[in-house]
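Take a look at the letters that make up each chain.
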Amino acid sequence: MNNQSSPKTVENAHIAVIGLGYVGLPLAIEFGKKYNVLGFDINADRVAELQVGKDRTQEANLKGLKTAMELKKKGRVGLSFSSTAEDLRPYNTYIVTVPTPIDQFKAPDLTPLIKASEMLGKVLEKGDIVVYESTVYPGCTEEDCVPVLERVSGLKFNRDFFAGYSPERINPGDKINTLTKIKKVTSGSTPEIADRVDALYRSIIEAGTHKAPSIKVAEASKAIENAQRDVNISFVNELSLIFDRIGIDTHDVIEAAGTKWNFLKYQPGLVGGHCIGVDPYYLAHKAQALGYHPQVILSGRRVNDHMGAFVADKVVKLMIQKDHKIKDSRALIMGITFKENCPDIRNTRVVDIYHELVQFGLSVDIYDPWADAVEVKHEYGLDIINEISGNVVYDAIVVAVAHNEFLKFDYKKVKRNNGVVFDTKACLDRDLVDGRL
Ligand SMILES: NC(=O)c1ccc[n+]([C@@H]2O[C@H](COP(=O)([O-])OP(=O)(O)OC[C@H]3O[C@@H](n4cnc5c(N)ncnc54)[C@H](O)[C@@H]3O)[C@@H](O)[C@H]2O)c1
């Protein structure tokens, strides 16, 4: 734990943030208010947008972005952007925030991390530090990334250059628990580097830091935060499958059980996104590599991955009970992002509902004012509608995401008289809905 007061700045730190997505951009902005910072991304379009103050993730504080960029124009600190690797050379502290997805077999895909490490190996100089923030399994920094840095740079780890790991805990769309308000776990490859990495983050994180005893501990801490959440949600999702058969409402049960002081009130739902539904596979991969086959972690994943199909099956059953002909009926799915009030569609499980309904022969529209239609087409090959015209009435409506706009929406206007409304988020008035998770 750290009780030390926060340093204003860490002397002689020139920071480059590699990967300017949901995680990297807010970080580059905060550091840019105090340090000389380069925000680097291989996506030249993203860099061009940021250079004119546009952030398509809607995660960054645009005022902060403007302030940090203006500072750079005036003096020694501030933020600028580039997609040219050579521009990284003058910096000495590299923070890597590139994606860590899984492949089609649900195994970690380290390609972005390895490519970023190869690129940094080319510009690394004596005394430099590379801090990884991407979510990984314990051991990844030192066993997978550092050897790449050593090989490409020709420098020796912990003599010529150093490493750190500081997991990111931001929650996209959450405007209260923002980067500087969340305590940050830090670590370094030597005690001195751990102190320096910790001081660096303490200089921008108002909530303070927790210096972990090793890089592996810091890596593991992040992996288990997300795995714990996934397993907890899988438990209530399983309850939902059971209570559906019993014919009672899961939320009613949770509300009743939640009156006990030590009951954890998790809610059932789809588990999508690039974190909760992905990171447990990183931990499982490491466990399997060491000869242990995780049971709780992977069974939780299986339950959660099944929920989209369950929702679709349930909707069809409810339609049959109301005497609907299923084939060529029309369904509307409200929301495709992986969570509410956020444009992120990565690994959204709403597509499972869509595909299952289509397999039943329904004609399905998806509406989401937060999602970028081009991105949805590119990622999933699906066309989403950009408005609900009112000319079409739907036999079934599935509220898949609790965007604020959907809470006030007049469902009666677009629902056939005996149509079915399924509320996966328990966010609508119960009189309006036929079923919920
Ligand atoms: N988004 C979150 O809420 C969140 C929270 C905690 C941790 N994380 C973790 O942080 C990491 C980054 O996630 P994100 O959501 O910011 O991803 P993102 O996809 O939003 O952004 C990643 C950026 O990295 C860029 N990039 C990819 N490969 C690169 C390379 N080789 N060099 C330079 N840039 C490269 C991409 O163009 C993209 O702009 C992941 O490991 C993720 O699991 C994310």
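Residues numbered from 1 in each chain as written. Predicted model: local features only at pLDDT ≥ 70, side-chain atom pairs only at ≥ 80, totals over all residues. Heavy atoms only, no water.

### Some remarks on the site of the ligand
With respect to spatial proximity, 26 residues lie near the ligand, and among them Val 23, Asp 41, Thr 100, Thr 135 and His 274 are the closest. At 2.6 Å from an oxygen atom of the ligand is found a side-chain nitrogen or oxygen belonging to Asp 41. Interatomic distance of 2.5 Å between a side-chain N/O atom of Thr 100 and an oxygen atom of the ligand. Protein chains bury 90% of the 830 Å² of accessible surface belonging to the ligand in isolation. The biggest single contributor to the shell around the ligand is helix α4 (residues 111–123), with three residues. When the residues that make up the shell around the ligand are grouped by side-chain class, the tally is 13 nonpolar, eight polar and five charged. (Near = heavy atom within 4 Å. Polar contact = N/O pair within 3.5 Å; in protein donor to acceptor, adjacent residues only side chain to side chain. Areas by Shrake-Rupley, 256 points an atom, 1.4 Å probe, with all protein chains shown as cover. Helix = DSSP H or I, 4+ residues; strand = E, 2+ residues; numbered from the N terminus. Nonpolar A, V, L, I, M, F, W, Y, C, P; charged D, E, K, R; others polar.)

### A look at helix α11 (residues 350–359)
When α11 is considered as a whole, its buried residues turn out to be Val 350, Val 351, Asp 352, Ile 353, Tyr 354 and Leu 357. Where α11 is buried, its residues contact α10 (296–321), β9 (330–334), β10 (363–367), α12 (373–380) and β11 (394–399). (Buried < 20%, exposed > 50% of the residue type's maximum accessible area, 1.4 Å probe, protein only. Contact = heavy atoms within 4.5 Å.)

### Things to note about the sheet that holds β9
Note: strands within a sheet are paired through backbone hydrogen bonds, in either parallel or antiparallel orientation. Overall, parallel pairing links the five strands, which are arranged β10-β9-β11-β12-β13 in an open sheet. Of all strands in the sheet, those with a lone pairing partner are β10 and β13 (435–436), marking the two edges. Inspection of the sheet shows β9 paired to β11 by four bridges, in the parallel sense. Counted as the bridge partner of Ile 333 is Val 398 from β11. (Pairing = 2+ DSSP bridges.)

### Considering a nonpolar patch on the surface
Taken together, Ile 242, Ile 246 and Ile 248 make up a surface patch of nonpolar side chains, about 270 Å² in accessible area. Accessibility expressed as a relative area gives 53% for Ile 246, which makes it exposed. (Patch = residues over 30% accessible without salt bridge, like charges linked within 9 Å, V, L, I, M, F, W, Y side chains within 5 Å. Salt bridge = Lys/Arg side-chain N within 4 Å of Asp/Glu carboxyl O.)

### Observations concerning the domain arrangement of the protein
For the protein, the domain assignment lists domain 1 (14–213), domain 2 (223–303) and domain 3 (306–436). For domain 2 versus domain 3, the separation of C-alpha centres amounts to 23 Å. Taken together, the 18 residues of domain 2 in the interface contact 18 residues of domain 3. Counting the surface lost from both domain 2 and domain 3, the interface buries some 1,500 Å², and carbon and sulfur atoms represent 58% of this. At the surface where domain 2 touches domain 3, the tally comes to four salt bridges. Here Asp 249 makes a salt bridge to Arg 436, at a shortest N to O gap of 2.8 Å. For the pair domain 2 and domain 3, the interface holds eight residue pairs in polar contact (both at pLDDT 80 or more). For the side of domain 2 that touches domain 3, the elements supplying multiple residues, two or more each, are α7 (215–246), α8 (250–257) and α10. Here the side of domain 2 that touches domain 3 gets four residues from one element, more than from any other, and that element is α7. Considering only residue class, the side of domain 2 that touches domain 3 consists of six nonpolar, eight polar and four charged. (Domains from an automatic or database assignment. Buried area = accessible area lost by both parts, 1.4 Å probe.)

### Things to note about the sheet that holds strand β5 (residues 129–132)
Taken together, the six strands give an open sheet; going across it, the order is β3-β2-β1-β4-β5-β6, and neighbouring strands pair in parallel fashion. The open sheet has two edge strands with one neighbour each: β3 (78–82) and β6 (162–165). With direction set aside, neighbouring strand axes in the sheet form an average angle of 20 degrees. Pairing analysis gives five bridges linking strand β1 (residues 14–18) to strand β2 (residues 36–40), with the strands arranged parallel. Along β2, the bridge assignment pairs Ile 15 with Val 37. Strands in contact with helix α3 (residues 62–74) are β2 and β3; relative to β3, the strand with the most contacts, it is inclined by about 90 degrees. (Axes fitted to C-alpha atoms, helices over the stretch in contact; angles between N-to-C directions.)

### Details of the pairing of β10
Summarising burial for β10: four of the five residues are buried, a large majority. Two elements, β9 and β10, share five bridges in a ladder whose sense is parallel. Considered in β10, the bridge of Met 334 is made with Tyr 367. Handedness of the crossover is the feature at issue here: the chain leaves β9, passes through α11, returns alongside β10, and the resulting connection is right-handed. (Right-handed = clockwise from strand over helix to strand, strands pointing away.)

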